[in-house]
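Residue-level structural notes
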Amino acid sequence: MKTALTLSGSIRAGSYNQKLQHIVSDKLSQAGVEVNALNLGDFPMPIFNEDLEPDNVPEAAVKLAQLWREADIIFIASPEYNGSHTPLLVNTLAWLSRQSPSPFRHATFGIGGVSSGKYGTLWSLSHLRESLTKVGALVVPTLLGIGPASQAFDEAGNLTEAGVIKKIDTIAIEMTHFNRG
């Protein structure tokens, strides 16, 4: 059975991206994948600084890197901050990129995000894809940008747009069928 990690680049209460994370988690579970939905707030790390290496690498980075190495699929939901991904996610990726062996070379990655703007995190996702690719990740083709957030979900937290639901189906198929060989 394939395994997946899902996470959000936002840890605020009521995060739209955590809602997306859970919707994708459910979709992967329905596809027969064992899913572990992570909260990056459970992995506290100081701002990355090479001066902390090698003696003061945060235990959270070591633990999270091991979880990433063991997963077949990793889905990241991230809002857009100033046209890029969140400081939390930037810092997490910086710490993980320093772990050996690389935690980016096994899993197939999917990326998506929800934002208040009409472009639905597409600029951010473009940067995230580039960052992940540069550290060796295999990122599936579908970019799951959703916006505006205020119209994306109904009162029960379900997505409202048929096209977005279809894209989630597509990215789930890509993440479960693409592999590194």
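Residues numbered from 1 in each chain as written. Predicted model: local features only at pLDDT ≥ 70, side-chain atom pairs only at ≥ 80, totals over all residues. Heavy atoms only, no water.

Attention now goes to the sheet that holds strand S2 (residues 34-37). As a general point, the strands of a sheet are linked pairwise by backbone hydrogen bonds and lie either parallel or antiparallel. Strand order across the open sheet formed by five strands is S2-S1-S3-S4-S5, with parallel pairing between neighbours. Looking along the sheet, the strands with just one partner apiece sit at the ends: S2 and strand S5 (138-146). Neighbouring strand axes in the sheet, compared pairwise and without regard to direction, differ in orientation by 15° on average. By the bridge criterion, five bridges tie strand S3 (residues 73-77) to strand S4 (residues 108-114) in an arrangement that is parallel. Residue pairing across strands places isoleucine 76 opposite isoleucine 111, the latter belonging to S4. (Pairing = 2+ DSSP bridges. Helix = DSSP H or I, 4+ residues; strand = E, 2+ residues; numbered from the N terminus. Axes fitted to C-alpha atoms, helices over the stretch in contact; angles between N-to-C directions.)

Further remarks concern the pattern of salt bridges. Per the stated rule, a full pass over the model turns up four salt bridges. With its nearest N and O atoms 3.6 Å apart, the salt bridge here joins glutamate 50 to arginine 98. Taken together, the positions of glutamate 50 in the loop between S2 and helix H2 (59-70) and arginine 98 in the loop between helix H3 (87-97) and S4 put the pair 48 residues apart, joining distant regions of the chain. For glutamate 53, the salt bridge goes to arginine 98, with nearest N and O atoms at 2.7 Å. One end of the pair, glutamate 53, is in the loop between S2 and H2; the other, arginine 98, is in the loop between H3 and S4, with 45 residues separating them in the sequence. Judged by its relative accessible area of 21%, glutamate 53 is partly exposed. Three or more residues are tied together by salt bridges with common partners; here these are Glu50, Glu53 and Arg98. (Salt bridge = Lys/Arg side-chain N within 4 Å of Asp/Glu carboxyl O. Buried < 20%, exposed > 50% of the residue type's maximum accessible area, 1.4 Å probe, protein only.)

Turning our attention to the packing of aromatic side chains. In this structure the tally under the stated criterion is five aromatic pairs. Ring centres 5.8 Å apart and planes at 10° place the aromatic pair tyrosine 16 and phenylalanine 153 in the stacked group. Within this pair, whereas tyrosine 16 is found in helix H1 (residues 16-30), its partner phenylalanine 153 is found in the loop between helix H5 (149-152) and helix H6 (162-177), the two being separated by 137 residues in sequence. Its relative accessible area of 10% is what places phenylalanine 153 among the buried residues. Here the aromatic cluster, defined as three or more aromatic residues joined through ring pairs, consists of Trp68, Phe104 and Phe109. Above the plane of the ring of phenylalanine 153 lies lysine 19, whose end atom (NZ or CZ) is 5.4 Å from the centre. (Phe/Tyr/Trp six-rings, centres within 6.5 Å; stacked < 30°, edge-to-face > 60°. Lys NZ or Arg CZ within 6 Å of the ring centre and 35° of its normal.)

Glancing now at the environment of asparagine 17. With respect to the secondary-structure elements, asparagine 17 resides in helix H1. Asparagine 17 gets classed as buried once you look at its relative accessible area, which sits at 3%. Sequence separation between asparagine 17 and lysine 134 is 117 residues; the distance between their C-alpha atoms is 24 Å. Setting aside its immediate chain neighbours within four residues, asparagine 17 contacts Ser8, Ala77, Ser78, Pro79, Gly112, Gly113 and Val114. For asparagine 17, the side chain forms a polar contact with the main-chain nitrogen of valine 114, separated by 2.8 Å. (Contact = heavy atoms within 4.5 Å. Polar contact = N/O pair within 3.5 Å; in protein donor to acceptor, adjacent residues only side chain to side chain.)

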